[in-house]
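# Architecture and fold: a report
Chain by chain, the residues run as shown.
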Amino acid sequence: MLSVLFIAVYAVPILDPGLDPRWRRGCEAANLVIWALFGLEYLARLSLARNRRWFLRSHWFDLLVLLLPILRPLRALRLITALSVLNRRAEAWTRGRLAIYVGVTTTLLVLIAALAVLEAERGHPDSTIQTYPQALWWGLVTITTVGYGDFYPTTLEGRLVALAMMLAGIGLIGFVTGSLASWIVERIETAEKSADESADSALLLREIRELRREVAGLRLEVGSRPGAGPPAEPGPPESRPR
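Below is a summary of the structure that appears in this document. (Residues numbered from 1 in each chain as written. Predicted model: local features only at pLDDT ≥ 70, side-chain atom pairs only at ≥ 80, totals over all residues. Heavy atoms only, no water.)

## Some details on the overall build of the protein chain
Our working rule: Per the convention used, a helix needs a DSSP run of H or I reaching at least four residues, while a strand needs a run of E reaching at least two, with both numbered from the N terminus. Each residue is assigned to one of three classes by its accessible area relative to the maximum for its type, calculated with a 1.4 Å probe on protein chains only: buried under 20%, partly exposed between the two thresholds, exposed over 50%. In this analysis, two residues are considered to be in contact whenever any of their non-hydrogen atoms come within 4.5 Å of each other. Only the protein chains shown count as covering a residue, and every accessible area follows the Shrake-Rupley method with a 1.4 Å probe.
For the protein chain, the count of helices and strands is eight helices and zero strands. If you list the helices and strands of the protein chain from N to C, you get α-α-α-α-α-α-α-α. When burial is assessed residue by residue, the protein chain has 26% of its 242 residues classed as buried. A separation of at least 24 residues holds for 57% of the contacts in the protein chain among residues at least 6 apart in sequence. For the protein chain, the exposed surface amounts to about 16,900 Å²; the carbon and sulfur share of it is 65%.

Here it is in structure tokens:
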């Protein structure tokens, strides 16, 4: 809930440049408070960890995105904190549905990156990104590695966002390519397995038919002998002749 609220109070002042100054200050204050709560959450997790050294080594990225936004050019990295918290929750919700999870995460990443680059670029004289639709278009062509070049960041903060988007785009293409290749291989293996099972079933049916013909032939042969009756059923062991 705090992550969603964090994104909302970050987005409102950017999407509405004419927002009342009191609401703007309120959003900025809420932004800082929630970011501080993320820091307290990290400290709480650190204090509850059985092995704190292992926790620091395995969660260094969380600490990095909490400390780096102190620098103004890197303040958009606060959004990564919100995304990481949402990621921990969504991973449990969508387990076994990796494609849906990646699609939702990618969409959220494009929307948030567009906000971050718009905040960084709007108002600069050399910038080509001045509205949110332009920022969204830039985010889409960047994460898909198309790169038309009609919109591009010129500030340091905007270029850092672009760097993150480029890396995300490479990862997205790798995931899609790998998933498609895995799906094709799985379909081929399933088809081959079905073909093998069909061949085995046909062979088994053919052998059963041959056995039936042999049994029918033996019955005719026994029945054609003089005085031969139907084969007797075996009786209980004590009634059998010794």
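Following the structure, the description resumes.
## Topic: helix H7 (residues 132–143)
Our working rule: A helix's residues, less one, multiplied by 1.5 Å, set its expected span.
Between the first and last C-alpha of H7 there are 16 Å, a value that for twelve residues agrees with the 16 Å anticipated at 1.5 Å per step. Burial in H7 covers these residues: Tyr-132, Ala-135, Trp-138, Gly-139, Val-141, Thr-142 and Ile-143.

## A look at the packing of aromatic side chains
So the rule is basically this: Within 6.5 Å between ring centres, the rings of Phe, Tyr and Trp (the latter by its six-membered ring) count as paired, and their orientation is classed by plane angle as stacked under 30 degrees, edge-to-face over 60, tilted in between.
Evaluation of the coordinates by the stated rule reveals two aromatic pairs. Relative to Phe-55, the ring of Tyr-42 lies with its centre 5.5 Å away and its plane at 55°, an arrangement referred to as tilted. Here Phe-55 lies in helix H3 (residues 52–58) and Tyr-42 lies in helix H2 (residues 21–48), a separation of 13 residues in the sequence. Across this residue pair, the class does not change: Tyr-42 and Phe-55 are buried.

## Observations concerning the packing of H2 against helix H4 (residues 60–67)
Test applied: The axes used here are C-alpha line fits, helices contributing only the stretch in contact, and every angle between their N-to-C directions lies in the interval 0 to 180 degrees. Angular relationships are summarised with four words: roughly parallel below 35 degrees, roughly antiparallel beyond 145, roughly perpendicular across 65 to 115, and oblique for the angles in between. If you view the pair so one helix is near and one far, a crossing is left-handed when the near helix is turned anticlockwise from the far one by less than a right angle, and right-handed when it is turned clockwise.
Contact pair H2 / H4: the axes reach a minimum separation of 10 Å and the direction vectors enclose 150°. If you check the angle between H2 and H4, you find them roughly antiparallel. Where H2 crosses over H4, the handedness of that crossing is left-handed. Every residue of H4 that contacts H2 at Trp-35, Phe-38, Gly-39, Tyr-42 and Arg-45 is listed here: Asp-62, Leu-63, Val-65 and Leu-66.

## Side note on the pattern of salt bridges
Worth spelling out the cut-off: The term salt bridge refers to a pairing of a side-chain nitrogen on Lys or Arg with a carboxyl oxygen on Asp or Glu at a separation within 4 Å.
Overall, the coordinates contain one salt bridge when judged by the stated rule. With its nearest N and O atoms 3.2 Å apart, the salt bridge here joins Arg-22 to Asp-20. Its relative accessible area of 63% is what places Arg-22 among the exposed residues. On the basis of relative accessibility, which here comes to 29%, the residue Asp-20 falls in the partly exposed class.

## Some points on helix H1 (residues 2–15)
If you check H1, its first and last C-alpha atoms are 20 Å apart, about what 14 residues at 1.5 Å a residue would give, namely 20 Å. Within H1, the full set of buried residues consists of Ser-3, Phe-6, Ile-7, Val-9, Tyr-10, Ala-11, Pro-13 and Ile-14.

## Notes on unusual backbone geometry
Most peptide bonds adopt trans geometry, and most residues besides glycine take a negative phi value. Its identity is not glycine, yet Thr-145 carries a phi of approximately 60°, on the positive side. Assignment of secondary structure puts Thr-145 in the loop between H7 and helix H8 (156–223).

## Some thoughts on the nonpolar core
Operational definition: As used here, the term nonpolar core means buried Ala, Val, Leu, Ile, Met, Phe, Trp, Tyr and Cys residues forming a set that is joined through side-chain atoms within 4.5 Å.
With 18 residues, the main nonpolar core has Ala-135, Trp-138, Val-161 and Met-165 as its most contacted residues. Counting only elements with at least two residues in this core, the list comes to H1, helix H6 (98–121), H7 and H8. Looking at which element gives the most residues to this core, the answer is H6, with seven residues. Apart from the residues lying within four places of it in its own chain, the contact partners of Met-165 are Leu-109, Val-110, Ala-113, Trp-138, Gly-139, Thr-142 and Ile-143. In terms of nonpolar packing, the next biggest core, distinct from the first, is built from nine residues, Ile-34, Phe-38, Tyr-42 and Leu-66 among them.

## Focus: the environment of Gln-130
The following threshold applies: In protein, a polar contact means a hydrogen-donor-capable atom and an acceptor-capable atom, both N or O and within 3.5 Å, with residues adjacent in sequence counting only if both atoms are side-chain atoms; elsewhere, any N or O pair within 3.5 Å suffices.
Within the fold, Gln-130 resides in the loop between H6 and H7. Using a relative accessible area of 28% as the deciding quantity, one classes Gln-130 as partly exposed. Spatially, the C-alpha atom of Gln-130 lies 9.6 Å from that of Val-117, the residues being 13 residues apart in sequence. Look past the residues within four positions of Gln-130 in its chain and what remains in contact with it is Leu-118, Glu-121, Arg-122, Gly-123 and His-124. Here His-124 takes part through its backbone oxygen, which lies 3.5 Å from a polar atom of the side chain of Gln-130.

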